[in-house]
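Examining the three-dimensional arrangement
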Amino acid sequence: MPLTIKPIEGKVFGAIVTGVSLVDMDDKTFKTLYQAFLEYGFLVLPEQFLSEQQNIEFGKRFGELEFGALPLANQHRNDDGSFSTLVKLDSQRMRTNRGNEAWHTDSTYWPVSSKCAMLSALKVPNVGGQTELADMRAGYASLPTDLQEQIESLSAYHSTEFSQANDLGDFPERDKNSIYHGEAYLRPLVKVHPETGVKNLFIGRHAFGIPGLSRQRSRELLAQLLEHVVAEPTRVYQHQWREGDLLVWDNRALLHRARPYDYSEPRVLIGTRVKGDEASELAYYPNDPKAQAGREALALELDVLRAQRPHGF
Ligand SMILES: [Fe+2]
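Residues numbered from 1 in each chain as written. Predicted model: local features only at pLDDT ≥ 70, side-chain atom pairs only at ≥ 80, totals over all residues. Heavy atoms only, no water.

Our focus in this paragraph is the coordination of the iron ion. For a metal with four tetrahedral donors the ideal donor-metal-donor angle is 109.5 degrees, while six octahedral donors give ideal angles of 90 or 180 degrees. Protein coordination at the iron ion comes from His104 (NE2), Asp106 (OD) and His256 (NE2), with a distance range of 2.2 Å. In terms of primary sequence, the donors binding the iron ion are separated according to H-x1-D-x149-H. On the criterion of sequence distance, the pair formed by Asp106 in the loop between helix H3 (92-99) and strand S7 (114-123) and His256 in strand S16 (residues 254-258) is long-range, its members being 150 residues apart. In this pair, the class of Asp106 matches that of His256, namely buried. (Donors = N, O, S within 2.8 Å, 3.2 Å for Na, K, Ca; no water. Helix = DSSP H or I, 4+ residues; strand = E, 2+ residues; numbered from the N terminus. Buried < 20%, exposed > 50% of the residue type's maximum accessible area, 1.4 Å probe, protein only.)

This is the structure we're talking about:
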């Protein structure tokens, strides 16, 4: 069967790719696939059934990895690669997983945010557990011109300590080597895609504290922009997983989130994340004097959220 790239019906983004095996794909075919990835924002590749090593190899074709073949699962991985016992629902790991049920883009809470991410489905629950994607390019393009102008020069801090506290009332222990590291990275609300030149919104659950705006105005604006992106059904796609599926999306232009499911049922997705290019995805490093403002904004924000924490939480 020849390589077929079929745009997803009724959506402004996304394509389903068939007639290709990701394992033995030549460079010419990958180039075609990569162009489709840039154009459509995400690709669904059914029936690939990649091993951990094959996930890593495929990920590396997109660039340097942040991590490769990491189980994003509610089960512990055994040494032989199988999965069995369920991870406790109140563990930090599951609370972090649950946090990803809110719209976000990956790794904006690191100095260099992510280029793209991929998931391979190993075990799929009977109900729920979908992955949803939303197009921030179409979201930006459809904003009223005055709002586009208003946000053109604005930025927001990004931190997963913020999002975890804001979405779950969760204040994980700080550890500078973990994702709860105490830094917050300033990124523009309007991003110019480094490869296509197309503008898109750059927001999501990790974003807070727009410098120059009050806390309330900042929250309202970020919520308004997010709501705008996801309010239009043609800008949102829900992927119903089947074992063997591979999904790859552009973190620089799309939002995504996981959907809830029955957490007593196994769900194992193998995640691989590609690092962004420093030329376009670097905010600053923690040793940069610019980092201090982010640290302070985060500390203030966490104080407010802590004070609002329901009594006895
Ligand atoms: Fe994610």
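To continue, consider the nonpolar core. By size, the foremost hydrophobic cluster in this structure holds 29 residues, and its most contacted members are Leu22, Leu33, Leu43, Leu45, Phe58 and Phe62. Residue assignment for this core shows that the elements contributing at least two residues are strand S2 (15-18), helix H1 (27-40), strand S3 (42-45), helix H2 (52-60), strand S4 (65-73), S7, strand S15 (246-250) and strand S17 (268-275). With seven residues, H1 is the single largest residue contributor to this core. Residues in contact with Phe58, not counting those within four places in the same chain, are Leu22, Met25, Phe30, Leu33, Leu50, Met118 and Leu246. (Core = buried A, V, L, I, M, F, W, Y, C linked by side-chain atoms within 4.5 Å. Contact = heavy atoms within 4.5 Å.)

Among the secondary structure elements, Ile151 is positioned in helix H5 (residues 145-151). Its relative accessible area of 0% is what places Ile151 among the buried residues. Taking C-alpha positions, Ile151 is 27 Å from Phe37, a pair spaced 114 residues apart along the chain.

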